[in-house]
Amino acid sequence: MPQTIACDRILADQLTEGDIVLYCSSRILVITEPQYTYSGIVFDAVWIDIDSPDNIQQLCLDPAFKLDLVSTAPISDTRAA
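Anyway, here's the lowdown on the structure attached to this text. As the structure is a computational prediction, the values presented were derived from the model and not from experiment.

**Some remarks on the environment of aspartate 49**
- Relative to the helices and strands, aspartate 49 is located in the loop between β5 (41-47) and β6 (56-61).
- In this structure the C-alpha to C-alpha distance between aspartate 49 and isoleucine 28, which are 21 residues apart in sequence, comes to 7.7 Å.
- Once residues lying within four places of it in the same chain are set aside, the contact partners of aspartate 49 are Ser26 and Arg27.
- A distance of 2.8 Å separates a polar atom in the side chain of aspartate 49 from the backbone nitrogen of arginine 27.

**A short note on the nonpolar core**
- One finds Leu15, Tyr23, Ile28, Phe43, Leu59 and Leu67 to be the most contacted residues of the largest nonpolar core, which totals 15 residues.
- Of all the secondary-structure elements, those providing two or more residues to this core are β2 (19-23), β3 (26-30), β5, β6 and β7 (66-72).
- At four residues, β5 tops the list of elements feeding residues into this core.
- Those residues in contact with leucine 15 that sit more than four places away from it in its chain are Ile10, Val21, Val30, Glu33, Pro34, Phe43 and Leu67.

Quick notes on the rules
- Residues numbered from 1 in each chain as written.
- Predicted model: local features only at pLDDT ≥ 70, side-chain atom pairs only at ≥ 80, totals over all residues.
- Heavy atoms only, no water.
- Helix = DSSP H or I, 4+ residues; strand = E, 2+ residues; numbered from the N terminus.
- Contact = heavy atoms within 4.5 Å.
- Polar contact = N/O pair within 3.5 Å; in protein donor to acceptor, adjacent residues only side chain to side chain.
- Core = buried A, V, L, I, M, F, W, Y, C linked by side-chain atoms within 4.5 Å.
- Buried < 20%, exposed > 50% of the residue type's maximum accessible area, 1.4 Å probe, protein only.

Laid out in structure tokens, this is it:
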């Protein structure tokens, strides 16, 4: 049975370092403070649901792109887990 996750909908330009969001049906952890560029909002993220030593990816999203916010935690707390 699929797991239900309670979350809030936010825009990409509201992301901050430490946020955990749903993206492409997977949970990602934002590990760098998102920056505005000419292409959009750019940030590095870790794919939480992928068990791989190299699962860090740089994402670039339209500022108006909607994401489901799962959790917000200080980045130091999430790295300790």
